[in-house]
Each structure stands twice: as structure tokens, then as C-alpha cells.
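Breakdown of the fold
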Amino acid sequence: MSIVTVQLGQCGNQIGHEVFNALCSDIRGTHGFCSQKENESYRDSCRERFFCEQESGVPVARAVLVDMEPKVISQTLSMAASSGHWKYNHQSHFCQKQGSGNNWANGYSVHGPRHKEAIMTLVQKEAEKCDRLGGFFTIMSMAGGTGSGVGAFVTQCLRDAFPTSFILNHVIWPYGTGEVIVQNYNSVLTLSHLYRSSDALLVHENDVLHKICAQLMNIKQISFRDVNQVIAHQLGSVFQPTHTAAGGSDYSRNPLGDLMESLVPHPEFKVLGLRNIPQMPESSLPYSTFSWPGLIKHLRQMLIANATMEEGIDWQVRPPPPGSSSHSTTKPLHFNTSIANLVILRGKDVHSVDLGSFQDPSLYTPWLNPQDAFNAWQTPRAFNKYEKSAALVSNSQFLLKPLDNIVGKAWNMFASKAYIHQYTKFGIQEEDFLDCFTTLEQVISSYTHL
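About the thresholds
- Residues numbered from 1 in each chain as written.
- Predicted model: local features only at pLDDT ≥ 70, side-chain atom pairs only at ≥ 80, totals over all residues.
- Heavy atoms only, no water.
- Helix = DSSP H or I, 4+ residues; strand = E, 2+ residues; numbered from the N terminus.
- Contact = heavy atoms within 4.5 Å.
- Areas by Shrake-Rupley, 256 points an atom, 1.4 Å probe, with all protein chains shown as cover.
- Lys, Arg positive; Asp, Glu negative; His and termini not counted.
- Charge placed at Lys NZ, Arg CZ, Asp CG, Glu CD.
- Axes fitted to C-alpha atoms, helices over the stretch in contact; angles between N-to-C directions.
- Parallel < 35°, antiparallel > 145°, perpendicular 65-115°, else oblique.
- Nonpolar A, V, L, I, M, F, W, Y, C, P; charged D, E, K, R; others polar.
- Salt bridge = Lys/Arg side-chain N within 4 Å of Asp/Glu carboxyl O.
- Buried < 20%, exposed > 50% of the residue type's maximum accessible area, 1.4 Å probe, protein only.
- Domains from an automatic or database assignment.
- Buried area = accessible area lost by both parts, 1.4 Å probe.
- Expected span 1.5 Å × (residues − 1).
- Pairing = 2+ DSSP bridges.
- Phe/Tyr/Trp six-rings, centres within 6.5 Å; stacked < 30°, edge-to-face > 60°.
- Disulfide = S-S within 2.5 Å.

1. Let's talk about the overall build of the protein chain
- When helices and strands are tallied, the protein chain shows 15 helices and 12 strands.
- Of the contacts made within the protein chain by residues no fewer than 6 positions apart, 81% connect residues no fewer than 24 positions apart.
- A total of about 18200 Å² of accessible surface is found on the protein chain, and carbon and sulfur atoms cover 51% of it.
- Across the protein chain, the mean location of the 35 positive side-chain charges is 4 Å away from that of the 39 negative side-chain charges.

Have a look at this one:
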């Protein structure tokens, strides 16, 4: 099944480009560490998922590019075309001249409705090219105006136009210090609207990505491109083809459906986080060896201690003892409770890996059976030059602190009516803000009481 990617705003378009780049260089690589037959079926499966073939033989990304200013889209189109390995369809983009001025309300109430028909026509055309449509993957930031405002609007339109298709929103969480004064407003409005229309939100935090670039990738002057390449690597490690437990020897047919089925058992809980191990500069790979037991041990501790990378994990955090009564009161400090986890293994000897430590009932909420709460996908085909690599997608309490933080900051501004007039002039009233705060307070409360 195929996935249509919708890239929204500057951030969404730049990340989308890096994602397709990573997918394409991975399937072109000869570093699969697996049989030729395995390699070929992996390549075919990836192409069906993310690209459509043209007579010229150059794969074309199944993507729609949307921005309210032209610069980033024209750069993205030409960079993809000049790579010679893949390209975007030159008819599948929509841009305007004026931008959204970092104002969510401008994107959501003005640009979205005004250009709805043009954008949705492009999406419809892209969807019709798929033999079987698996769903939509949108990429956007929360802090600005176009990605967040137009992104939230387009997600609602996708839900209306494709009521039975899966929608996964990939959301970039802004830096804590922030580059936009109203980013907390924009974030609260975006998240609460997406919560109503999306099947799941996959969140990447800018601060975490920055840390990975600095500490694991050893990059001195970190650019947005460096950050985006880390995101692309992590997304590729989830969306490239794998064998699911039920799928036998064939590659999974419907990655978005499989992801939702594994990780979103209840519509109140739909925030997903992603961790990867190992991550290092390509130059260090020849000097590194990894064992599966070591990787799995680190990945599990990253989960329960809510560590975002393999450096600096707090090894003191332990799961609560079995049989402890109420989960939330007796829980050890800093312990990150999960609703559901998915581990994805790629590379050499994946069939011999023991994942029993992820089936420990104390990691999960009491209302789900650990057998249902944990899933594993795998493939002997290595990803992106890593001989062995593991990804963990988790529906857990990982985002509680940043979410509480952003809602708190937005509420303080709202209570003193700061910048509200910039939103009301585009039709977003104070009641709309209050609705959004209520939605997110409910999400915070639900995750807190796991």
C-alpha cells in the first residue's frame, strides 16, 4: 500500500525532502547485509510505498508540497531533481507569495479555507495514482503559521475527504527558548486541533534533536539540515519495509495501519515518540561493533527512564515492583509508563534477538495485556549502513513535561491577554483558545494517570 506525504510550510518541506533522500539512498545502497532476493523485495516494497515510477526510470515521490511563500518549495523541487536519483512531481505543489507571518489563525482561518480547493485537488490526484492508498503522512512544525495553521486545516480536510484512511501527523516541537514569541499559542492551537482529526501524532522535539547532533553526531556548527537528517534517519528506520509478526515472510502491506493497530488502542492516547539506537557519524561506523543484547538493554532503559538517546541514560530508574496497587501513587520517580511499544529491528541476526524484557507487565498500564501492548517488526535487511539498528516507537508519558510546560506558558500569556488581538482579527475567539486548553488539559490528565 502507498503513503501520500503532505509537506506543509518551510519546516515540513525541508524535512520531507531529507526523508525522501534518506529512503532513496537506503534502497540504492548495497550495504543490505542480506540476500539479493531479500534486497530486491525490500526495494520494491519501499518504492511502492513512497514513490511512483515514471517512464524515465527516475522515481517520483508520492508527495504534495504546500507553503504560503515560494522560496522553500522551489529550492526543494530543484534539489530533488538535481540529485538524479528521485524527484518531486512538478504539478504537485501549491504556494503563494505572502506567507502566514507566524500566525496560526492566519494559516487556519484565512489561507486554509481560501486555498482549500486547490490543495485538496492536488492531494486527490496523488491519492488516485496509488493502486491502494494506505493513508496520509503530514509533516509540519507547531511553532510557525503555515505548517501549524494550514497544516491543522488540511488535516481536517483530509479527515473529511478520506474518512476511512489513516492520518499520521509528524509534528516538530519548538525549541524551549523559542524563535517565535507566540509559538506557545501556535503549538496549543495546533495540537488540540490535530487531536480531533488525526489518528496519531508522531512528535520530534527540536531540543532533543539538537542534543543528538551535538553529542552523538559530533557536529560543531549545527544547521537545520543536520537536524532534519537526524529526523529523516529516524523516520526511515520506522517506515522502511519490515516483516510484522503476523505477516510471515512478506513485507508488511500497510505500514500506517500496522502502526496504529500496534500503538493506539484508545483515541484519548495518540501521542507517539521515537527513539533510535545506535546513532553516530558515518565515519565512526567502521570502528564500531554492536551486540543485540547490548542494544536492547540500552533501548529498554531509554524507554523507562525517558532518555532520548543512548548517552546519559539514568540507570537508577527501575520499573515498579509487580503487584504494587495503584500505578500512579506507588510509581518510582521519573519512571515512564507506557501504553504500547513497538520495537523495529534491522540487520544481521535479527531472528535470534530476545525481546522478553519489553514484555514485562510493570512497563505498561494495568488495563492492557502486555502481549497486546508490545509488538516487534524486523528485517534482516540493514538500514542506512548500520549493520544492526533498532528503533522504538512508544505511546508513553514521554511528552508530559514538555506538554505541561507549553500549555502553562500559553495559559500565562492568555491570562494577561498578550497578543490575543493578533488572533481575534483572523476570527479565532477567546472561547476557541479555552476549548483548546480544555482539550490539552484532558490529554495531560489522561497520560498522568496511567
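2. Things to note about the packing of helix α7 (residues 206-216) against helix α8 (residues 224-239)
- Relative orientation of the contacting elements α7 and α8 amounts to 100°, with a least axis distance of 9 Å. The angle between the axes of α7 and α8 places the two elements in the roughly perpendicular class. Only Asp226, Val227, Val230, Ile231 and Gln234 of α8 make contact with α7, whose side of the interface consists of Asn206, Leu209, Ile212 and Cys213.
- Broken down by class, the residue content of the contact of α7 with α8 amounts to 6 nonpolar, 2 polar and 1 charged.

3. Considerations on the pattern of salt bridges
- If you walk through the whole model with that rule in mind, you get 9 salt bridges.
- Taking the shortest distance from any N to any O, the salt bridge between arginine 159 and aspartate 199 comes out at 2.8 Å. In this pair, arginine 159 sits in helix α5 (residues 146-161) while aspartate 199 sits in the loop between α6 (183-197) and β8 (200-205), placing the two residues 40 residues apart along the sequence.
- For arginine 159, a relative accessible area of 19% puts it in the buried group.
- By relative accessible area, aspartate 199 is classed as partly exposed at 23%.

4. A look at the domain arrangement of the protein chain
- Once the domains are mapped, the protein chain shows domain 1 (2-273), domain 2 (282-397) and domain 3 (401-449).
- Distance from the C-alpha centre of domain 1 to the C-alpha centre of domain 3: 26 Å.
- Across the contact, 29 residues belong to domain 1 and 25 residues belong to domain 3.
- Roughly 2400 Å² is buried in total at the junction of domain 1 and domain 3, and carbon and sulfur atoms are behind 73% of that figure.
- Looking at the side of domain 1 facing domain 3, the largest losses of area belong to Asn184, Tyr185 and Val188, adding up to 29% of the total buried there.

5. Some points on the environment of phenylalanine 335
- As for its position among the elements, phenylalanine 335 is in the loop between α11 (327-330) and β10 (338-347).
- Sequence separation of phenylalanine 335 and glutamate 55 is 280 residues, and the distance between their C-alpha atoms is 54 Å.
- Ignoring any residue separated from it by four or fewer positions in sequence, one finds phenylalanine 335 in contact with Ile304, Val317, Arg318, Pro319, Pro320, Ser362, Leu363 and Gln397.

6. Observations concerning the side chain of asparagine 276
- In this fold, asparagine 276 is placed in strand β9 (residues 271-277).
- The exposure class of asparagine 276 is buried, given its relative accessible area of 1%.
- The contacts of asparagine 276, once residues within four sequence positions are left out, are His233, Gln234, Ser237, Met302, Glu310, Ala390 and Ala391.

7. Examining α8
- When the terminal C-alpha atoms of α8 are compared, their 22 Å separation across 16 residues agrees well with the 22 Å that a helix rising 1.5 Å per residue should span.
- With 13 of 16 residues buried, α8 is to be regarded as a mostly interior element.

8. Describing the pairing of β8
- Of all 6 residues in β8, 6 are buried, a share of seventy percent or more.
- Burial along β8 is two-sided: Ala200, Leu202 and His204 facing one way and Leu201, Val203 and Glu205 facing the other are all buried.
- Bridge count for strand β7 (residues 166-173) against β8 is 6 bridges, and the pairing is parallel. When the bridges of β8 are listed, valine 171 appears paired with valine 203.

9. Quick look at the sheet that holds strand β12 (residues 388-396)
- If you walk across this open sheet you meet the 10 strands as β5-β4-β1-β6-β7-β8-β9-β12-β10-β11, and the pairing is mixed. Taken across any chain shown, the strands that pair with only one partner, and hence form the sheet edges, are β5 (93-95) and β11 (374-379). On average, each strand axis in the sheet is inclined to that of its neighbour by 20°, with strand direction left out of account.
- Two strands pair when backbone bridges link them, and β9 and β12 are joined in this way by 5 bridges, in the antiparallel orientation. Bridging across to β12, asparagine 276 finds its partner in alanine 391.
- Strands in contact with helix α3 (residues 71-83) are β4 (63-67) and β5; relative to β4, the strand with the most contacts, it is inclined by about 150°.

10. Structural notes on the packing of aromatic side chains
- The tally for this structure, following the rule as stated, stands at 20 aromatic pairs.
- On the numbers, 5.5 Å between centres and 10° between planes, the contact of phenylalanine 358 with phenylalanine 374 is stacked. Of the two residues, phenylalanine 358 sits in the loop between β10 and α12 (370-373) while phenylalanine 374 sits in strand β11, which places them 16 residues apart along the sequence.
- By relative accessible area, which is 6% here, phenylalanine 374 ends up buried.

11. Brief notes about the environment of arginine 253
- Position of arginine 253 relative to the elements: it lies in the loop between α8 and α9 (255-263).
- Sequence-wise, arginine 253 and glutamine 221 are 32 residues apart; in three dimensions their C-alpha atoms are separated by 40 Å.
- Discounting chain neighbours no more than four positions away, the residues touching arginine 253 are Met1, Glu48 and Arg132.

12. Some points on the state of the cysteines
- Considering all chains together, one arrives at 0 disulfides under this definition.
- Counting only cysteine sulfurs, cysteine 46 is the nearest neighbor of cysteine 34, a cysteine outside any disulfide, at a range of 14 Å.

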